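Geometric and topological summary
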Amino acid sequence: MKLWNKYRISNIPSLIFIEASTGKVVCRNGLLLIRDDPEGLEFPWGPKPFSEVIAGPLLRNNGQSQDSSTLEGSYVGVYFSAHWCPPCRSLTRVLVESYRKIKELGQKFEIVLVSADRSEESFKQYFSEMPWLAVPYIDEARRSRLNRLYGIQGIPNLIILDPKGEVITRQGRVEVLHDINCKEFPWHPKPVVELTELNAVQLNEGPCLVLFVDSEDEGESEAAKQLVQPIAEKIIEQYKAKDEEAPLLFFVASE
(Lines give C-alpha, C1' and ligand atoms only; values in the text may rest on other atoms or scores of the structure.)
Protein backbone atom coordinates (compact mmCIF):
# COMPACT_ATOMS: atom_id res chain seq x y z
CA MET A 1 0.00 0.00 0.00
CA LYS A 2 2.93 2.35 0.59
CA LEU A 3 3.95 1.88 -3.05
CA TRP A 4 0.38 2.37 -4.29
CA ASN A 5 0.17 5.62 -2.32
CA LYS A 6 3.67 6.80 -3.25
CA TYR A 7 2.95 6.54 -6.97
CA ARG A 8 -0.74 7.53 -6.64
CA ILE A 9 -1.99 4.52 -8.55
CA SER A 10 -5.64 4.87 -9.56
CA ASN A 11 -5.89 2.34 -12.42
CA ILE A 12 -4.62 -1.18 -13.01
CA PRO A 13 -2.69 -2.57 -14.73
CA SER A 14 -0.17 0.23 -14.14
CA LEU A 15 3.54 0.08 -14.97
CA ILE A 16 6.01 2.64 -13.64
CA PHE A 17 9.72 2.77 -14.49
CA ILE A 18 12.12 4.25 -11.94
CA GLU A 19 15.85 4.91 -11.79
CA ALA A 20 17.04 2.46 -9.14
CA SER A 21 20.01 4.50 -7.93
CA THR A 22 17.93 7.61 -7.14
CA GLY A 23 14.34 6.35 -6.97
CA LYS A 24 13.25 9.04 -9.44
CA VAL A 25 10.36 8.21 -11.75
CA VAL A 26 11.48 7.76 -15.35
CA CYS A 27 8.04 7.06 -16.80
CA ARG A 28 4.63 6.82 -15.12
CA ASN A 29 2.85 5.49 -18.19
CA GLY A 30 4.94 2.39 -18.83
CA LEU A 31 2.14 0.51 -20.60
CA LEU A 32 2.07 3.10 -23.36
CA LEU A 33 5.84 3.10 -23.48
CA ILE A 34 6.24 -0.64 -24.09
CA ARG A 35 3.44 -0.48 -26.65
CA ASP A 36 5.16 2.34 -28.54
CA ASP A 37 8.71 1.06 -28.12
CA PRO A 38 8.47 -2.77 -27.90
CA GLU A 39 12.13 -3.25 -28.89
CA GLY A 40 13.43 -0.79 -26.31
CA LEU A 41 15.08 1.46 -28.89
CA GLU A 42 14.45 4.55 -26.71
CA PHE A 43 15.74 2.93 -23.52
CA PRO A 44 16.28 4.17 -20.75
CA TRP A 45 13.06 6.08 -21.48
CA GLY A 46 13.93 9.20 -19.49
CA PRO A 47 11.60 12.22 -19.71
CA LYS A 48 12.25 14.58 -22.61
CA PRO A 49 11.62 18.35 -22.76
CA PHE A 50 8.17 19.41 -23.91
CA SER A 51 9.69 21.28 -26.86
CA GLU A 52 11.22 18.02 -28.11
CA VAL A 53 8.10 15.89 -27.63
CA ILE A 54 5.73 18.42 -29.22
CA ALA A 55 8.08 19.15 -32.15
CA GLY A 56 6.28 19.15 -35.50
CA PRO A 57 3.28 20.71 -37.22
CA LEU A 58 0.19 21.78 -35.25
CA LEU A 59 -3.26 22.40 -36.72
CA ARG A 60 -5.92 25.11 -36.54
CA ASN A 61 -9.54 24.05 -37.08
CA ASN A 62 -9.56 25.93 -40.40
CA GLY A 63 -6.97 23.48 -41.73
CA GLN A 64 -4.00 25.84 -41.45
CA SER A 65 -0.79 24.43 -40.04
CA GLN A 66 1.97 26.05 -38.01
CA ASP A 67 5.17 24.75 -36.50
CA SER A 68 5.36 23.97 -32.78
CA SER A 69 8.29 26.41 -32.49
CA THR A 70 5.68 29.22 -32.45
CA LEU A 71 4.84 28.13 -28.88
CA GLU A 72 8.21 29.34 -27.62
CA GLY A 73 7.90 32.15 -25.08
CA SER A 74 4.22 31.42 -24.36
CA TYR A 75 2.33 29.82 -21.52
CA VAL A 76 0.88 26.58 -22.88
CA GLY A 77 -2.10 24.48 -21.85
CA VAL A 78 -1.75 20.85 -22.97
CA TYR A 79 -5.35 19.67 -23.18
CA PHE A 80 -6.06 15.92 -23.16
CA SER A 81 -9.69 15.51 -24.19
CA ALA A 82 -12.20 13.67 -26.41
CA HIS A 83 -15.65 14.27 -27.86
CA TRP A 84 -17.08 10.99 -26.46
CA CYS A 85 -16.35 12.15 -22.89
CA PRO A 86 -19.20 14.33 -21.41
CA PRO A 87 -16.98 16.00 -18.73
CA CYS A 88 -14.57 16.93 -21.54
CA ARG A 89 -17.28 18.66 -23.54
CA SER A 90 -18.42 20.57 -20.43
CA LEU A 91 -14.88 21.71 -19.69
CA THR A 92 -14.26 22.71 -23.31
CA ARG A 93 -17.19 25.16 -23.24
CA VAL A 94 -15.71 26.90 -20.18
CA LEU A 95 -12.15 26.68 -21.49
CA VAL A 96 -13.05 28.46 -24.75
CA GLU A 97 -14.19 31.50 -22.73
CA SER A 98 -11.13 31.32 -20.44
CA TYR A 99 -8.84 31.17 -23.48
CA ARG A 100 -10.40 34.32 -24.93
CA LYS A 101 -10.25 36.19 -21.61
CA ILE A 102 -6.57 35.34 -21.11
CA LYS A 103 -5.80 36.53 -24.64
CA GLU A 104 -7.72 39.76 -23.99
CA LEU A 105 -5.60 40.30 -20.87
CA GLY A 106 -2.57 40.42 -23.20
CA GLN A 107 -1.00 37.18 -22.00
CA LYS A 108 1.00 35.02 -24.40
CA PHE A 109 -1.02 31.85 -24.05
CA GLU A 110 -1.81 28.93 -26.31
CA ILE A 111 -3.62 25.61 -25.87
CA VAL A 112 -2.73 22.39 -27.68
CA LEU A 113 -5.37 19.66 -27.94
CA VAL A 114 -4.12 16.09 -27.60
CA SER A 115 -7.11 14.10 -28.76
CA ALA A 116 -8.27 10.78 -27.32
CA ASP A 117 -11.08 10.50 -29.87
CA ARG A 118 -11.79 7.15 -31.49
CA SER A 119 -11.88 8.38 -35.07
CA GLU A 120 -10.59 11.29 -37.13
CA GLU A 121 -14.17 12.28 -37.93
CA SER A 122 -14.98 12.66 -34.21
CA PHE A 123 -11.75 14.59 -33.71
CA LYS A 124 -12.60 17.03 -36.50
CA GLN A 125 -16.14 17.57 -35.21
CA TYR A 126 -14.88 18.26 -31.68
CA PHE A 127 -11.92 20.39 -32.77
CA SER A 128 -14.20 22.59 -34.90
CA GLU A 129 -15.48 24.09 -31.60
CA MET A 130 -12.01 25.12 -30.44
CA PRO A 131 -10.07 28.32 -31.24
CA TRP A 132 -6.64 26.86 -30.36
CA LEU A 133 -4.15 24.36 -31.80
CA ALA A 134 -4.10 20.55 -31.96
CA VAL A 135 -1.65 17.75 -32.60
CA PRO A 136 -2.79 16.16 -35.91
CA TYR A 137 -4.99 13.14 -35.23
CA ILE A 138 -3.00 10.99 -37.64
CA ASP A 139 0.16 11.63 -35.60
CA GLU A 140 -0.65 8.93 -33.05
CA ALA A 141 3.00 8.54 -32.03
CA ARG A 142 3.27 12.17 -30.93
CA ARG A 143 -0.06 12.05 -29.10
CA SER A 144 1.10 8.94 -27.29
CA ARG A 145 4.46 10.52 -26.34
CA LEU A 146 2.63 13.48 -24.78
CA ASN A 147 0.41 11.10 -22.79
CA ARG A 148 3.55 9.33 -21.58
CA LEU A 149 5.38 12.55 -20.76
CA TYR A 150 2.67 13.67 -18.31
CA GLY A 151 1.52 10.22 -17.13
CA ILE A 152 -2.08 10.83 -18.22
CA GLN A 153 -4.45 8.25 -16.72
CA GLY A 154 -7.80 9.94 -17.37
CA ILE A 155 -9.52 12.77 -19.24
CA PRO A 156 -10.22 15.65 -19.28
CA ASN A 157 -6.79 16.75 -18.17
CA LEU A 158 -5.25 20.20 -18.62
CA ILE A 159 -1.54 20.69 -17.89
CA ILE A 160 -0.35 24.32 -17.68
CA LEU A 161 3.26 25.00 -18.70
CA ASP A 162 5.41 28.10 -18.23
CA PRO A 163 7.24 29.71 -21.20
CA LYS A 164 10.21 27.37 -20.57
CA GLY A 165 8.00 24.29 -20.92
CA GLU A 166 8.07 23.46 -17.19
CA VAL A 167 4.86 22.32 -15.47
CA ILE A 168 3.13 25.04 -13.43
CA THR A 169 0.15 22.90 -12.50
CA ARG A 170 -1.44 19.59 -13.42
CA GLN A 171 -4.75 20.86 -12.04
CA GLY A 172 -5.64 23.13 -14.95
CA ARG A 173 -9.16 21.71 -15.08
CA VAL A 174 -9.82 22.66 -11.44
CA GLU A 175 -8.26 26.11 -11.88
CA VAL A 176 -10.26 26.97 -14.99
CA LEU A 177 -13.55 26.00 -13.33
CA HIS A 178 -12.67 27.75 -10.07
CA ASP A 179 -11.26 30.98 -11.56
CA ILE A 180 -13.84 31.86 -14.21
CA ASN A 181 -12.42 35.37 -14.73
CA CYS A 182 -8.83 34.06 -14.98
CA LYS A 183 -7.62 36.58 -12.41
CA GLU A 184 -5.06 34.12 -11.00
CA PHE A 185 -3.66 32.93 -14.34
CA PRO A 186 -1.21 31.13 -14.82
CA TRP A 187 -2.47 29.39 -11.70
CA HIS A 188 0.66 28.68 -9.70
CA PRO A 189 -0.25 26.10 -7.02
CA LYS A 190 -1.03 27.35 -3.54
CA PRO A 191 0.27 25.40 -0.52
CA VAL A 192 -3.21 25.42 1.06
CA VAL A 193 -6.51 25.79 -0.78
CA GLU A 194 -10.14 25.98 0.24
CA LEU A 195 -12.00 22.75 -0.39
CA THR A 196 -14.90 23.21 -2.81
CA GLU A 197 -17.12 21.06 -5.00
CA LEU A 198 -14.89 21.96 -7.95
CA ASN A 199 -11.56 20.84 -6.49
CA ALA A 200 -12.85 17.95 -4.35
CA VAL A 201 -11.79 15.59 -7.16
CA GLN A 202 -8.24 16.04 -5.86
CA LEU A 203 -9.19 14.07 -2.74
CA ASN A 204 -9.01 10.96 -4.93
CA GLU A 205 -5.40 11.56 -5.91
CA GLY A 206 -3.70 10.58 -2.67
CA PRO A 207 -3.43 11.45 1.03
CA CYS A 208 -4.91 14.82 2.00
CA LEU A 209 -4.97 16.91 5.15
CA VAL A 210 -8.29 18.72 5.55
CA LEU A 211 -8.77 21.22 8.38
CA PHE A 212 -12.48 21.79 9.04
CA VAL A 213 -13.52 25.16 10.46
CA ASP A 214 -16.74 26.84 11.56
CA SER A 215 -18.24 28.29 8.39
CA GLU A 216 -20.37 30.77 10.38
CA ASP A 217 -17.36 32.46 11.95
CA GLU A 218 -16.16 35.12 9.49
CA GLY A 219 -12.41 35.07 9.02
CA GLU A 220 -12.02 31.59 10.50
CA SER A 221 -11.17 30.08 7.12
CA GLU A 222 -8.33 32.55 6.47
CA ALA A 223 -6.95 32.04 9.98
CA ALA A 224 -6.99 28.29 9.40
CA LYS A 225 -5.04 28.71 6.16
CA GLN A 226 -2.41 30.77 8.00
CA LEU A 227 -2.15 28.03 10.60
CA VAL A 228 -1.56 25.23 8.08
CA GLN A 229 0.47 27.15 5.49
CA PRO A 230 3.93 27.07 7.20
CA ILE A 231 3.62 23.29 7.63
CA ALA A 232 2.52 22.81 4.03
CA GLU A 233 5.30 25.04 2.66
CA LYS A 234 7.96 23.18 4.67
CA ILE A 235 6.84 19.76 3.43
CA ILE A 236 6.46 20.93 -0.17
CA GLU A 237 9.99 22.46 -0.14
CA GLN A 238 11.50 19.27 1.32
CA TYR A 239 10.11 17.17 -1.50
CA LYS A 240 10.77 19.79 -4.18
CA ALA A 241 14.47 19.62 -3.22
CA LYS A 242 14.33 15.90 -4.03
CA ASP A 243 12.46 16.63 -7.30
CA GLU A 244 9.41 14.79 -5.95
CA GLU A 245 5.76 15.70 -5.42
CA ALA A 246 4.75 16.28 -1.81
CA PRO A 247 2.96 13.26 -0.30
CA LEU A 248 0.09 15.39 1.02
CA LEU A 249 -2.39 17.92 -0.34
CA PHE A 250 -3.58 20.57 2.12
CA PHE A 251 -7.13 21.92 2.35
CA VAL A 252 -9.27 24.09 4.59
CA ALA A 253 -13.00 23.25 4.56
CA SER A 254 -15.52 25.79 5.79
CA GLU A 255 -18.71 24.08 4.62
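Scoring rules and cut-offs
- Residues numbered from 1 in each chain as written.
- Predicted model: local features only at pLDDT ≥ 70, side-chain atom pairs only at ≥ 80, totals over all residues.
- Heavy atoms only, no water.
- Helix = DSSP H or I, 4+ residues; strand = E, 2+ residues; numbered from the N terminus.
- Rg over C-alpha atoms; globule rule 2.2 N^0.38 Å.
- Buried < 20%, exposed > 50% of the residue type's maximum accessible area, 1.4 Å probe, protein only.
- Contact = heavy atoms within 4.5 Å.
- Areas by Shrake-Rupley, 256 points an atom, 1.4 Å probe, with all protein chains shown as cover.
- Lys, Arg positive; Asp, Glu negative; His and termini not counted.
- Charge placed at Lys NZ, Arg CZ, Asp CG, Glu CD.
- Core = buried A, V, L, I, M, F, W, Y, C linked by side-chain atoms within 4.5 Å.
- 1 Å grid on protein atoms, 1.4 Å probe; cavity = no way out; pocket = protein on both sides within 12 Å on 5 of 7 lines; lining within 4 Å.
- Points joined across faces, edges and corners; volume = space filled by probe spheres on them.
- Nonpolar A, V, L, I, M, F, W, Y, C, P; charged D, E, K, R; others polar.
- Pairing = 2+ DSSP bridges.
- Arc of directions from axis to C-beta.
- Axes fitted to C-alpha atoms, helices over the stretch in contact; angles between N-to-C directions.

Per an unreviewed UniProt entry, the protein goes by Nucleoredoxin and derives from Engystomops pustulosus.

Assigned secondary structure in the protein consists of eight helices and 12 strands. Here the C-alpha radius of gyration of the protein, 19 Å, is about what a compact globule of 255 residues would show, namely 18 Å. The buried share of the protein, taken over its 255 residues, is 38%. Long-range pairs, those at least 24 residues apart, make up 60% of the contacts in the protein with a sequence separation of at least 6. Approximately 14600 Å² of the protein is accessible, and the part contributed by carbon and sulfur atoms is 52%. The average position of the 29 basic charges and that of the 37 acidic charges among the side chains of the protein differ by 4 Å.

Judged by nonpolar contacts, the single largest core of 26 residues is most densely connected at Tyr79, Leu113 and Trp132. Of all elements in the fold, only strand E5 (75-81), helix H4 (86-104), strand E6 (109-115), helix H5 (120-127) and strand E8 (157-161) reach the threshold of two or more residues within this core. Counting residues per element, this core draws most heavily on H4, which supplies six residues. Counting 17 residues, the second-largest nonpolar core is a separate cluster that includes Leu71, Leu133, Ile159 and Leu161.

Considering only enclosed or pocket space, the second largest pocket measures out at about 330 Å³ in volume. As for the second largest pocket, its lining consists of 17 residues, and the residues nearest its centre are Leu32, Ser115, Ala116, Arg143 and Asn147. Broken down by element, the residue count for the lining of the second largest pocket peaks at four residues, all from helix H6 (residues 140-149). Of the residues contributing to the lining of the second largest pocket, the split by class is eight nonpolar, five polar and four charged.

Before going further, it helps to examine the pairing of strand E12 (residues 249-253). The side chains of a regular strand alternate between both faces of the sheet. Judged by how many residues are buried, E12 sits mostly within the fold: four of five residues are covered. Relative to E12, strand E10 (residues 192-194) runs parallel, the two sharing three bridges. Within the sheet, the bridge partner assigned to valine 192 lies in E12 and is phenylalanine 250. Judged from the five bridges that link them, strand E11 (residues 208-212) and E12 form a sheet pairing that is parallel.

Further remarks concern H5. Residues Phe123, Tyr126 and Phe127 constitute the buried set of H5. All buried residues of H5 lie within an arc of 95 degrees about the axis, which places them on one face of the element. Opposite its buried face, H5 presents the exposed residues Glu121 and Lys124, each directed more than 90 degrees away. Along its buried surface, H5 packs onto strand E3 (57-59), E5, H4, E6 and strand E7 (133-134).

An order of E10-E12-E11 is seen for the three strands of this open sheet, with the pairing classed as parallel. For this open sheet the edge positions go to E10 and E11, each flanked by a neighbour on one side alone. Strand-to-strand, the axes of this sheet are offset by a mean angle of 30 degrees, without reference to chain direction. The sheet contacts of helix H8 (residues 220-241) involve E10, E11 and E12, and relative to E10 the element is tilted by about 145 degrees.

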